[in-house]
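# Observations on the model geometry
In case you want the letters, here they are:
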Amino acid sequence: MKCPYCGYEDSKVIDSRPNDEKIKRRRECTKCGGRFTTYEVVEVPLLMVEKRSGGFEQFDKSKLIKGIFTAIKKRPVTKNQVEAIADYVENYCADHLKTTIKSKEIGEIVLEQLRGIDPVAYIRFASVYEDFTDIDSFVAAISEFEKTDVIS
């Protein structure tokens, strides 16, 4: 870390403490004795979502949360549960060192999480995610849900 006063490249940390989502460090130049503050933040790699159309867009956690909230409307699912699902998607990508993920994969992860929380929210989310076009699609999804739910 270069000293802002003399430009010397060596400094020592005098004090370090967390500050919001960053770490605040007080430093002292080992040459001139000047003191200055630096902030350290974790750099999160950019996560891109590959859309069904083949295009890409940056992952937007708030957009995912909004989509899940649409599916859970008037259901006994809490805001914390929805945020936990969105966090799970982000953590999944980080744990697997992913920089791109298909929207289909995000949908499957969300469905997997909703399955254990609320069956109606699961079907609602599936209807949008899988683009149901008729009643038979709903019946098939409900039958599949019931069949796999009995097995597990």
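A few points on the structure. (Residues numbered from 1 in each chain as written. Predicted model: local features only at pLDDT ≥ 70, side-chain atom pairs only at ≥ 80, totals over all residues. Heavy atoms only, no water.)

Although it is not a glycine, K74 adopts a positive phi angle of roughly 60 degrees. On the secondary structure map, K74 appears in the loop between α1 (61-72) and α2 (79-95). Take K74: its relative accessible area is 78%, and that puts it in the exposed class. Of note in this structure, L97 is not a glycine but carries a positive phi near 50 degrees. Looking at the element boundaries, L97 is found in the loop between α2 and β6 (100-102). Using a relative accessible area of 74% as the deciding quantity, one classes L97 as exposed. (Helix = DSSP H or I, 4+ residues; strand = E, 2+ residues; numbered from the N terminus. Buried < 20%, exposed > 50% of the residue type's maximum accessible area, 1.4 Å probe, protein only.)

Right, let's get into the sheet that holds β6. Overall, mixed pairing links the 3 strands, which are arranged β5-β4-β6 in an open sheet. Only two strands of the sheet have a single neighbouring strand rather than two, namely β5 (56-58) and β6. Pairwise comparison of adjacent strand axes, ignoring direction, gives a mean angle of 30 degrees for this sheet. Here strand β4 (residues 48-50) runs beside β6; their pairing, made up of 3 bridges, is parallel. Counterpart to V49 in the pairing with β6 is I101. (Pairing = 2+ DSSP bridges. Axes fitted to C-alpha atoms, helices over the stretch in contact; angles between N-to-C directions.)

What follows concerns the pattern of salt bridges. Under the definition given, this model contains 11 salt bridges. With a shortest N-O distance of 3.6 Å, R35 and E28 are connected by a salt bridge. By relative accessible area, R35 is classed as partly exposed at 46%. Its relative accessible area of 17% is what places E28 among the buried residues. Between E57 and K63 there is a salt bridge, with its nearest N and O atoms 2.9 Å apart. (Salt bridge = Lys/Arg side-chain N within 4 Å of Asp/Glu carboxyl O.)

Turning to α1, a few remarks are in order. Over its 12 residues, α1 runs 17 Å from end to end, which matches the ideal 16 Å to within 8%, given 1.5 Å per residue. The complete set of buried residues in α1 reads L64, I65, I68, A71 and I72. The arc that holds the buried residues of α1, viewed along the axis, is 115 degrees, so those residues lie on one side. Residues K66 and T70 are exposed on α1 and point more than 90 degrees away from its buried face. Buried residues in α1 make contact with α2, α3 (103-115) and α4 (119-129). The first or second residue beyond α1 is K74, which carries a positive phi of 60 degrees. (Expected span 1.5 Å × (residues − 1). Arc of directions from axis to C-beta. Contact = heavy atoms within 4.5 Å.)

The strand order across the open sheet formed by 3 strands is β1-β2-β3, and the pairing between neighbours is antiparallel. Among the strands making up the open sheet, the edge pair consists of β1 (11-19) and β3 (35-41). Neighbour-to-neighbour, the strand axes of this sheet turn through a mean angle of 25 degrees, independent of strand direction. The pairing of β1 with strand β2 (residues 22-29) spans 8 bridges and is antiparallel. Its bridge partner lying in β2, P18 is registered against I23.

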